[in-house]
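# Analysis of the macromolecular model
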Amino acid sequence: MRHRDEPRPLGSGPLLDHTDDSKPTHLNAWVSGATGGLSASVRPTPDTSDSARSADLSRQERFGAKPADNTPRTVYISCYLKTPVAVRTGHAYSPDTPPRRFLFVPISPPRRPSVFPITIVATIARPHRVGSAVRTMIPGIKQAVRTADPTHPRMTAMAIDALHLVSPEGPIARRLGERYERRPQQEQMIRAVGQTLATGGKLVVEAGTGVGKSFAYLLPAIEWVLTGRGQVRITEDVGARGFKGRVIVSTHTIALQEQLVQKDIPLLQSVIQDEFSAVLVKGRGNYLSLRRLDNALGRQADLFADPESVRTLEAIDDWSGRTDDGSLATLGPLERPSVWDRVRSDSGNCMGRRCPTYEQCFYQRARRRTENADLMIVNHALFFADLALRTQGAGFLPPYDHVILDEAHTIEDVASEHFGLRVSAGQVRFLLNTLLHARRERGFLPSLRAKTEASSLDSACRAVDAARDAADVLFGDLADYQQTRCRSNGRVDTPGVVDNHLGPALNDLSLSLKLLRDRVKREDDRYELTGYAGRCEEIAAALHAVLEQTQTDSVYWIEGGRSPGKPGMSKVAMHCAPIDVGPLLKERLFDATNSQGDPLGVVLTSATLATGACKPETSQPRQTADSPADDGSDDDHATPDQPTHDPGPFKHVLTRLGCAAAWVLQLGSPFDYAIQAELWVEPSLAAPNDRRHAEQLGPAILAHIDRSDGGAFVLFTSYDLLRQMAKWLAPHLAGRGMPLLVHGDGQQRSTLLEYFRADRRSVLLGADSFWQGVDVPGENLRNVIITRFPFTVPDRPLVEARVERITAQGGNAFVQYSLPEAILKFKQGFGRLIRSKQDRGSVVVLDSRIATKSYGRRFIAALPELPVRTGSLPASDDTGEASASGPCHSQAHWSDPSEAGF
């Protein structure tokens, strides 16, 4: 007798033979047991109160008529078992969900408490015969259920509730105690990211400082992974197999990676009962090869030409016995960093399972951890390097289902670099010296003298010398061309400007190394020679591409020149980069599918992705009065707190990245900028292109440093002006006992920040890298001084080519490219100030164009609502200078930008 909650027998209704081609099909299947002798039946998924999105769909809307084509379709079947193998109780779909995208919506479980659900995902080749196809797959369904081990951790996962985890009653609040803060913006982002991963959608989120972006995307990713563990996928050609979901999280800076791996993820692992794994993925060259280290130690007298290199090798050997992961990051500084290339893991000479140290190999162990990981934490450079190689079938990352790109404001530049090419004199010189040093009989080839016949070895050595001579000629010719006939910025407009003798010479060297490989006795030496031969071929191919300009829609330029005091040497590099990465990213990322053929979910997030500020929902769109009617402005939109397809202030980034169809969401910061911060504007200073600007800038900077008693970042857009101001400020700050830290004086950025945090009266002068990715919470940083708007240098070859492209298409390059880029970087600089709810301070803009140019208001409009002070401070007494011209406010003048003449 059939239980009253059981579905009708398989194929009992005509609806199973018809499906709407625009939506996935959702069916429920009853399986009577968890071992052999199973029977199953199927019926359409019923509407319930829990699937409100689909409740109003009629039967015709749900299954529709017979589709016109035989496009393969995905079917989701919910089976209720007598063993607890998953928590997912079913699927429903939304009428606005695009084809092949679906939302996980729970369906009420059966009234019998002894049965448990499992979801089966099946691909049907002939969608108009769903019923017949499912009937033929019943044996596979039985096998999937039969082999599902209810005790396996992958099959007993319980879904998590991401919103509950961050709620005041949740485990994160209990763990953090008084440090917990509820953030409504974080909850909104969790919902949006969760929906994006469930549907394979595309989402761009700007979330202000303090929102807690990392938890807002990590929790939905973990929820998606754990939920998917209950799925068994069945295809007609492969059969049944367990579902393995994997999400990539990519960042730009090491600091954020360390935060995720060392702080955020361990906290989440401690409060989530089910296990999930997260792995920090590094490039192969970051790992030590024990086999190559042993070989280098055995022939160090032949390989290395100086005692410093020998000491470096010995230091690496000593570290190799202590390290747990064999990663370069744990090694510390090296006396001769180039020695690492001799001992690092390299795909070109990897022996795989034939390697005697395979079981101990640091890279192979890391790779196994990566392949079993649920979350892969990578940096943008690694992600886009893999993305560029995937078109050639050579990607090195395991398959993944979704991608989350944090610090997404950097990805256009990173993608341009990795979709382009670069060949340098130093790169070629290093390879050739590794094989055979130019002045000393050292290198890999001399180390083979006692192990192979002399004629083959001598032939390879002569090929190295020939390639070296060809390299000197080629890069010398490029240096001469740059100095005499090239554009001032090094841009090369025509192919074949110099004769390429180096490419053929490198190919000849590669052939000589392969011939030598066939004559050496030791297997590991043959692998080394294979790796060096492959590297020669790669450089030769890249050199041909950049000199003959074979990559379309790209810009080419020469960088560097002859080494001073060394007539025969040059430091030249030839570059190539795509002018517009948008089409490439659209094809390779935003339109990509995962290994199951489902859409790849992509989330882009950063604190600066929109060129307008997040205003309260009740605020009216702001119109820039003096802007041209059709100036490409994308700021005059209300910014809703729910995802929308209206690009609004995201228009620039969506266009540049090729994701015009993405959903966008702009979330403000939980910080109260109206109380915590103020903006100082000095409209009376000379414009940056006025010769008086530098004369007035020093006293103005010093006056604002005195106002805050140090604790200041002074941000510059050029090193020349930075050095000029450092020289002027040094004696004044020394007299005040304020430490002066100067970016570019030879010290690492991390060292400068360490010194800055050690003294609350420090003053740091910083260039490009200090505008972003720098976190100094607390009172040590209470004043950020922006000397000029951060417009990109217009004659940089890539920028110049982008501007020319926009102009040729009839656009306004300043409004559509230069201005939005400057606003985004301006917001990054502004964001250095307030890093916590306890921070207080001011941002000072010493670029008078903020008041004198019509576009100046766009910079202020991009900031959160905060008070604005206008006017100039009097110069300090010890400067011997008069104050900058203009009104001097002895009292604070609080104003709205519109009231201040902006």
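Residues numbered from 1 in each chain as written. Predicted model: local features only at pLDDT ≥ 70, side-chain atom pairs only at ≥ 80, totals over all residues. Heavy atoms only, no water.

### Overview of the overall build of the protein chain
Here is the rule we go by: Helix and strand assignments come from DSSP, with helices taken as H or I runs of at least 4 residues and strands as E runs of at least 2, each series counted from the N terminus. A 1.4 Å probe rolled over the protein chains alone gives each residue an accessible area, and that area as a share of the maximum for its type sets the label: buried under 20%, exposed over 50%, partly exposed in between. Surface accessibility follows the Shrake-Rupley procedure with a 1.4 Å probe radius. Residue values consider only the protein chains on display as shielding.
A tally of regular secondary structure across the protein chain gives 28 helices and 24 strands. Going through the 902 residues of the protein chain one by one, you find that 54% of them count as buried. By element, 49% of the accessible surface of the protein chain is carried by carbon and sulfur atoms, the whole surface being about 38,800 Å².

### A word on helix α15 (residues 425-435)
Two residues of an α-helix separated by three or four positions point the same way, owing to the 3.6 residues in each turn. Rules: The contact criterion used throughout is that any non-hydrogen atoms of two residues lie within 4.5 Å.
Every buried residue of α15 is accounted for by A425, V428, L431, L432, T434 and L435. The inward-facing, buried residues of α15 contact α11 (340-343), β12 (421-424), α16 (454-484), α17 (502-517), α18 (523-548) and β15 (570-578).

### What about the pairing of strand β16 (residues 601-606)?
The side chains of a regular strand alternate between the sheet's two faces. Note the following rule: A pair of strands is considered paired only if DSSP assigns at least 2 bridges between the two.
Counting buried positions over the six residues of β16 gives six, a clear majority of the element. Across five bridges, strand β5 (residues 202-207) lies against β16 in parallel orientation. Residue pairing across strands places K202 opposite V602, the latter belonging to β16. Sheet analysis places strand β11 (residues 402-405) next to β16, joined by four bridges and oriented parallel. The residue of β16 that forms the bridge with H402 is G601.

### Comments concerning the sheet that holds strand β17 (residues 663-667)
Defined as follows: To get an axis, fit a line to the C-alpha atoms, keeping to the stretch in contact for a helix; angles then go from 0 to 180 degrees between the N-to-C directions.
Pairing is parallel across the open sheet formed by seven strands, whose spatial order is β9-β10-β8-β11-β16-β5-β17. Every interior strand has two partners, whereas the edge strands, β9 (278-280) and β17, have only one. Within this sheet the neighbouring strands show an average axis-to-axis angle of 15 degrees, counted without direction. Examined bridge by bridge, β5 and β17 share five bridges and lie parallel to one another. In the strand pairing of β17, V205 is matched with L665.

### Points about the packing of aromatic side chains
The cut-off we apply is this: For Phe, Tyr and Trp, rings pair up if their centres lie within 6.5 Å, where Trp contributes its six-membered ring, and each pair is then called stacked (planes under 30 degrees apart), edge-to-face (over 60) or tilted (otherwise).
In the structure shown here, the tally under the stated rule is 18 aromatic pairs. Each ring, one from F713 and one from F756, has its centre 4.9 Å from the other, and the planes form 55 degrees; the classification is tilted. Taken together, the residues span a long stretch of sequence, with F713 in strand β19 (residues 712-715) and F756 in helix α24 (residues 749-758) at a distance of 43 residues. What makes F713 buried here is its relative accessible area of 0%. F756 gets classed as buried once you look at its relative accessible area, which sits at 0%. Judged by centre distance (5.9 Å) and plane angle (85 degrees), the ring pair of F789 and F826 falls under edge-to-face. Placement of the pair is F789 in the loop between β22 (783-786) and α25 (797-808) and F826 in helix α26 (residues 813-830), with a sequence separation of 37 residues. As far as burial versus exposure is concerned, F789 and F826 are alike and both buried. The rings of F789, F791, F814, F826, Y855 and F859 are connected pair by pair, giving a single aromatic cluster.

### Examining the sheet that holds strand β14 (residues 554-562)
Strand order in the open sheet formed by four strands is β12-β15-β14-β13, and the pairing between neighbours is antiparallel. Only two strands of the sheet have a single partner each, and these edge strands are β12 and β13 (491-492). As judged from the two bridges shared by β13 and β14, these two strands associate in the antiparallel manner. Residue pairing for β14: R491 is matched across the bridge by W557.

### Focus: the side chain of R246
Short version of the rule: Charged residues are defined here as Lys and Arg on the positive side and Asp and Glu on the negative side; His and the ends of the chain fall outside this count. What counts as a salt bridge is simple: a side-chain nitrogen of Lys or Arg found within 4 Å of a carboxyl oxygen of Asp or Glu.
Residue position: R246 is located in the loop between β7 (239-242) and β8 (247-251). Buried and unpaired, R246 has no salt bridge, with D401 as the nearest side chain of opposite charge at 6.1 Å. Apart from the residues lying within four places of it in its own chain, the contact partners of R246 are W224, T370, E371, N372, A373, D374, M376, P398, P399, Y400, D401 and H402.

### Some points on the pattern of salt bridges
Once their charged atoms are close, side chains differing in charge can pair, the charge on each being opposite to the other. Applying the stated criterion across every chain, the model contains 43 salt bridges. With a shortest N-O distance of 2.8 Å, E412 and R656 are connected by a salt bridge. A residue pair is termed long-range when its members are at least 10 positions apart, and E412 in helix α14 (residues 411-419) and R656 in helix α20 (residues 651-657) qualify at 244 residues. In this pair, the class of E412 matches that of R656, namely buried. Note that R802 is salt-bridged to D413, the shortest N-O span being 4.0 Å. Placement of the pair is R802 in helix α25 and D413 in helix α14, with a sequence separation of 389 residues.

### What to know about the nonpolar core
Filter applied, for reference: Nonpolar cores were defined as sets of buried Ala, Val, Leu, Ile, Met, Phe, Trp, Tyr and Cys residues, with membership established by side-chain atoms within 4.5 Å.
Of all hydrophobic cores here, the largest spans 68 residues; its most connected members are I316, L445, F475 and L513. Considering each element in turn, this core owes the most residues, 13 residues, to α16. Beyond its immediate sequence surroundings of up to four residues, L513 is in contact with L435, L445, A460, L529, Y532, A533 and C536. Grouped together as the second largest cluster of nonpolar side chains are 40 residues, I190, L219, V247 and I265 included.

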